[in-house]
Amino acid sequence: MIEILPHINASLNALATLLLIVGYVQIKQRQETAHKWTMLACFAVSVVFLACYLTYHFNIEGRSKRFPSYPPDFVRYAYYAILLTHVVLAAAVPFFAVATIWLGLADRRRQHKKLAWWTFPIWLYVSITGVVVYLMLYQIYPPTG
């Protein structure tokens, strides 16, 4: 079961990306109730992702998948740049998301909108780059041998 978690995680990241975009479109169309439920669903998907991610990393015991050495250097550098920015920003997303959601649910619209201006692009970047990291690590450049 543990072996399929990276694939599940990529799917959850892709779903979070879709929900973020739908939520953005909804709020631009002033569909506030739909936006609220979509963003809460996105947060729930992200919580499930985090649980799966932690389960995977607590159970692989030193068997962490490494990016292979056979791709050209520019690909490897790009991968590590994406991974680094993904990890750093992913650490911030839960804090930004919880605060943004709380402000929205408390009907503190001005503060919610101000914080969402930062939260949305960071959360979207993290969701997209999560899928990119998965694709590069498991699909495009799989281990040889």
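The structure under discussion appears in the preceding block.
Keep in mind it's a predicted model, so treat the numbers as computed, not measured.

Draft legend 1. Quick look at the overall build of the protein chain. Along the protein chain, the regular secondary structure elements total four helices and zero strands. Across the protein chain, helices and strands are ordered from the amino to the carboxyl terminus as α-α-α-α. Principal-axis analysis of the C-alpha atoms gives the protein chain an extent of 55 × 35 × 20 Å. Looking at the 145 residues of the protein chain, the share that counts as buried comes to 32%. Excluding contacts between residues fewer than 6 apart, the proportion of contacts in the protein chain whose partners are at least 24 apart in sequence is 74%. Carbon and sulfur atoms make up 69% of the accessible area of the protein chain, which amounts to about 9300 Å² in all. Charge separation in the protein chain, taken as the distance between the mean sites of 12 positive and 5 negative side-chain charges, equals 11 Å.

Draft legend 2. Here's a closer look at the nonpolar core. Core analysis: the biggest nonpolar cluster contains 18 residues, and Leu-12, Leu-20, Cys-42, Val-45, Val-93 and Trp-123 have the highest contact counts within it. At six residues, helix H2 (residues 32-59) tops the list of elements feeding residues into this core. Contact partners of Val-93, with chain neighbours within four places excluded, come to Ile-122, Trp-123 and Val-126. Counting residues in each nonpolar core, the second largest holds seven residues, with Val-75, Tyr-79, Val-133 and Met-136 among its members.

Draft legend 3. Examining the pattern of salt bridges more closely. Applying the stated rule across the entire model yields three salt bridges. Arg-109 is paired through a salt bridge with Glu-32; the nearest N and O atoms lie 2.7 Å apart. Of the two residues, Arg-109 sits in helix H4 (residues 109-140) while Glu-32 sits in helix H2, which places them 77 residues apart along the sequence. One connected set of salt bridges, linked through shared partners, spans Glu-32, Asp-107 and Arg-109.

Draft legend 4. The environment of Met-39, seen in detail. Here Met-39 lies in helix H2. By relative accessible area, Met-39 is classed as buried at 15%. Residues Met-39 and Gln-29, spaced ten residues apart in sequence, show a C-alpha to C-alpha distance of 15 Å.

Each value, and the rule that gives it
Residues numbered from 1 in each chain as written. Predicted model: local features only at pLDDT ≥ 70, side-chain atom pairs only at ≥ 80, totals over all residues. Heavy atoms only, no water. Helix = DSSP H or I, 4+ residues; strand = E, 2+ residues; numbered from the N terminus. Buried < 20%, exposed > 50% of the residue type's maximum accessible area, 1.4 Å probe, protein only. Contact = heavy atoms within 4.5 Å. Areas by Shrake-Rupley, 256 points an atom, 1.4 Å probe, with all protein chains shown as cover. Lys, Arg positive; Asp, Glu negative; His and termini not counted. Charge placed at Lys NZ, Arg CZ, Asp CG, Glu CD. Core = buried A, V, L, I, M, F, W, Y, C linked by side-chain atoms within 4.5 Å. Salt bridge = Lys/Arg side-chain N within 4 Å of Asp/Glu carboxyl O.

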